[in-house]
Amino acid sequence: MAFPNSEFKNTKNYIDRETVSKRIKSRLQLNEVFKYIFLAGLVFALLVLSTLIYDVVTKGGGWVNLDFLRNFPSRRAAQAGLYPALIGTLWLMMLIVPMVFIVGVGAAIYLEEYAPKNRVTSFIEVNISNLAGVPSIVFGLLGLTFFVRTAGFGNSVLTGALTLGLMSLPIVIVASQEALRSVKMELRHASLALGASKWQTTFNVVLPSALPGIITGIILAVSRAIGETAPLIMIGAATFISTTPNNVFSDFTALPIQIYNWTSRPQAEFQNLAAAGIIVLMTVLITMNSAAIYIRNKYTNRH
Amino acid sequence: MSWMKKSALLASITSVAIVGAACGNNNEEGNGGAEGESLSGKVVMDGSSTVFPIMEAVAEEFSAEQSDVEVTVGVSGTGGGFKRFVTGETDFSNASREIKEEEAAEAEANGVEYTQLSVALDGLSLVVNPENDWAQDITIDELNKMWTDTNVKTWKDVRSDWPDEEITFFAPGKDSGTFDFFNEAVLDDTDIRQDAQLSEDDNVLVTGVAGTKGAIGFFGYAYYVENQDTLRAMAVEGVEPNQETINDLSYPLSREIYTYVNNASLNDKPQVAAFARFLNENAAELSEEVGYVGMEQARYDENADIIDELAGE
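Conventions we followed
- Residues numbered from 1 in each chain as written.
- Chains lettered and ligands numbered in written order.
- Predicted model: local features only at pLDDT ≥ 70, side-chain atom pairs only at ≥ 80, totals over all residues.
- Helix = DSSP H or I, 4+ residues; strand = E, 2+ residues; numbered from the N terminus.
- Rg over C-alpha atoms; globule rule 2.2 N^0.38 Å.
- Buried ≥ 20, exposed ≤ 12 C-beta atoms within 10 Å, placed from the backbone.
- Contact = placed C-beta atoms within 7 Å.
- Pairing = 2+ DSSP bridges.
- Axes fitted to C-alpha atoms, helices over the stretch in contact; angles between N-to-C directions.
- Domains from an automatic or database assignment.
- Nonpolar A, V, L, I, M, F, W, Y, C, P; charged D, E, K, R; others polar.
- Core = buried A, V, L, I, M, F, W, Y, C linked by C-beta atoms within 7 Å.
- Parallel < 35°, antiparallel > 145°, perpendicular 65-115°, else oblique.
- Left-handed = near helix turned anticlockwise from the far one by under 90°.

A. Examining the overall build of chain A more closely. When its secondary structure is counted, chain A shows eleven helices and one strand. When the helices and strands of chain A are read in sequence order from the N terminus, they spell out α-α-α-α-α-α-α-α-α-β-α-α. The C-alpha radius of gyration of chain A comes to 27 Å, more than 25% above the 19 Å expected for a compact globule of 303 residues. Going through the 303 residues of chain A one by one, you find that 38% of them count as buried. Long-range pairs, those at least 24 residues apart, make up 75% of the contacts in chain A between residues at least 6 apart in sequence.

B. Region of the structure containing the overall build of chain B. From N to C terminus, chain B includes 13 helices and twelve strands. Across the 313 residues of chain B, 43% fall into the buried class. Considering only contacts in chain B between residues 6 or more positions apart, those separated by 24 or more positions represent 74%.

C. Representation of the sheet that holds strand β5 (residues 125–128) of chain B within the structure. Residue and element names in this part refer to chain B. Sheet architecture is open: five strands sit in the order β8-β7-β9-β5-β10, paired in mixed fashion. Either end of the sheet is taken by a strand with one partner, and the two such strands are β8 (197–199) and β10 (232–233). Two strands pair when backbone bridges link them, and β5 and strand β9 (residues 215–219) are joined in this way by four bridges, in the antiparallel orientation. Residue pairing in the sheet places V127 in a bridge with G217 of β9. Each of β5, β7 (168–172), β8 and β9 touches helix α8 (residues 202–211); the most contacted strand, β9, lies at about 155 degrees to it.

D. The sheet that holds strand β4 (residues 114–123) of chain B, seen in detail. One open sheet accounts for six strands, arranged β1(A)-β2(B)-β1(B)-β3(B)-β12(B)-β4(B); its pairing is mixed. Looking at strand neighbours, the two that pair on one side only are β1 (240–241) of chain A together with β4 of chain B, the edges of this open sheet. Across the sheet, helix α2 (residues 52–65) of chain B is in contact with β1 of chain A together with β1 (41–47), β2 (69–73), β3 (92–95) and β4 of chain B; its angle to β2 of chain B comes to roughly 170 degrees. Packing against the sheet, helix α3 (residues 77–85) of chain B makes contact with β1, β3 and β12 (254–262) of chain B, and its axis sits at approximately 160 degrees to β3 of chain B.

E. A look at the domain arrangement of chain B. All names here are of chain B. Along its sequence, chain B is carved into domain 1 (3–121 + 256–310) and domain 2 (125–252). Each partner contributes to the interface: domain 1 provides 15 residues, whereas domain 2 provides 13 residues. Among the elements that take part in the side of domain 1 that touches domain 2, α3 stands out by supplying three residues, more than any other. Its residues assigned to classes, the side of domain 1 that touches domain 2 comprises five nonpolar, eight polar and two charged.

F. Main features of unusual backbone geometry. Residues and elements named next belong to chain B. One non-glycine residue, D188, adopts positive backbone phi at about 55 degrees. Structurally, the position occupied by D188 is in the loop between α7 (177–187) and β8. Positive phi, normally seen in glycine, also occurs at E237, with a value near 55 degrees. With respect to the helices and strands, E237 occurs in the loop between β11 (235–236) and α10 (243–247). Using a count of 15 C-beta atoms within 10 Å as the deciding quantity, one classes E237 as partly exposed.

G. Broad picture of the pairing of β3 of chain B. All names here are of chain B. The two faces of β3 match: F92 and N94 on one face and S93 and A95 on the other face are all buried. Bridge analysis of β1 against β3 gives three bridges, and the strand direction is parallel. Bridge assignment links D46 to a residue of β3, and that residue is S93. Taken together, the four bridges between β3 and β12 define a ladder with antiparallel strand orientation. By the bridge assignment, S93 is partnered in β12 with Y260.

H. Inspection of the pairing of β5 of chain B at higher detail. Residue and element names in this part refer to chain B. Side chains S125 and V127 of β5 all project onto a buried face; the interleaved residues L126 and V128 project onto the opposite face, where all are buried too. Sheet topology note: the β5/β10 ladder contains two bridges and is antiparallel. Of the residues in β10, the one forming a bridge with V128 is R232.

I. Structural context of the interface of chain B and chain A. With 26 residues of chain B in contact, the opposing surface of chain A contributes 19 residues. For the side of chain B that touches chain A, the secondary-structure elements that each account for two or more residues are α2, β2, α8 and α9 (221–226) of chain B. If you tally residues by element for the side of chain B that touches chain A, the top one is α2 of chain B, at seven residues. Within the side of chain B that touches chain A, the residues separate by chemical class into ten nonpolar, seven polar and nine charged. The sheet contact formed by β1 of chain A and β2 of chain B spans two bridges and is antiparallel. Looking at the pairing, F240 of chain A lines up with V73 of chain B of β2 of chain B.

J. Geometry of the nonpolar core. In this structure, I218 and V222 of chain A together with I54, V58, A120 and A283 of chain B are the most contacted members of the largest nonpolar core, which totals 152 residues. A per-element tally of this core places helix α6 (residues 157–181) of chain A first, with 15 residues. Looking at this core, you find at least three residues from each of domain 1 (3–121 + 256–310) and domain 2 (125–252) of chain B. What A120 of chain B contacts, discounting residues up to four positions off in sequence, is I54, I257, A283, S287, Y292, V293, G294 and M295 of chain B.

K. Layout of the packing of α2 of chain B against helix α12 (residues 270–289) of chain B. Residues and elements named next belong to chain B. For the pair α2 and α12, the least separation of the axes is 9 Å and the interaxial angle reads 120 degrees. As judged from the angle between their axes, α2 and α12 are oblique. In this structure, α2 meets α12 at a crossing whose hand is right-handed. Here I54, A57, V58, E61 and F62 of α2 come into contact with α12, specifically with F275, F278, L279, N282, A283, L286, S287 and E289. Each residue belonging to the contact of α2 with α12 can be placed in one class, and the counts come to nine nonpolar, two polar and two charged.

The following block contains the structure:
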């Protein structure tokens, strides 16, 4: 059946199991070896993560309670809380997400859908990718000279959000471009053929299809930004503050600053507070990511 | 029926009276308080991470009294704090060393006048591993030799009756005020040996010395006090670091820690003047709570006179 018209008909032993298995044995072994190397890679990553989580939870788990979330920092570890830092971080997130979404996705749409494919465009694209690798402290310096001094926003939560937002932009732009590029050309063509304008096509067809990828990029970028300490210290964000922000020009502090400060204290109880702070920061991030994943899945199913 | 109405009326009158009296009392207390009326506005501080725990404690207590004043304390380091202070951005600059000439010159160029206030004392502690049972005390000369001369490899090279145990050196980073003070008091501006391990995080130094038999390191007194079970402090020139010897300055590596206040802020902003007074009144007690040593009362009295004069009262 397999070889109806060939001379193989009578060569029943053409596939000699022994010969073949001897020949491919080394390849199969190599396959096994690599399988275990990859497995070891995964196990190692998970082991490190679980060790970290175990360490943080055993040290800080007992310290996370309502008072810890509601109180201001204190010299007495038992009364200390991270309320202003938590509120500061939430303010930052609320400002950064729309900012990077509008500017980042806008830039990506221009580059992918409108910009002519020439040297200038590819030069800009290369530089955006390079920006993604710039150390965060450099963005802190930029924030200090430009937003704090030149623009006169001071050490406000707006300055913090703009600085961290700028830092996240390259990742958001690159991820969004990738997502836009993966939208099938047929979809665009179909839309244009039905008489939709370029803008209608982009907004109603391309963008919704690319949204899952774009949101993934934003999650990654903003999660990284929320965990940053160096640029915030650089722009002069407070470490202790007796009030919480009530507008975008208010002074602020953020969770990573508070955690960093607690880890540097001599008293052992503050190390536990730092661990408790890490648990809170992780919870904030996981909550934000879950929300984003929910939105992403909704759109993935639709398209 | 009517007696119920009457008693209800009576009850409400009573409760109003009580509430009124309570309010009256509060107002009286507020007016009679040391700081006078309730203030608002901002008090902006930045600077040394060494001074931070004291200022956090002061700000915490101050905010309990003056909840409408926004107090911010940053930790840009002594040098980073002065950079902002000399442009007039901050009201206070916390420092674990005195202001440098170039920083003072910049302040003058910007028309910023300031006053140095000593807040508390710290004793730079020289610590060794608890397994080190030989080095009980050390002199400044020996310290200078061992921290600068790379020919010193073992404890025997420092003092001949000490064992042939290799020395590992742990020190705070060169940007820290603690390093500056050690540089001035012990190294005489000679470069620190290249093989010393430097870290900005004092807890890293604690771990290093606690884990290495022949190690020596130095940092603020608070880090030694909190880690007495894993570290041992050496006496310097025969004097051990403790509350008493640091307070009376007989411990040779006692140092003052400071805050610099902007004179104009002190004069123009009542909340800054109130904070300065509050700080000066409570610094001794609060600094001891966070691991530092208070100064003698006479020093705080001097500060109080300076503050009163500058605040224009």
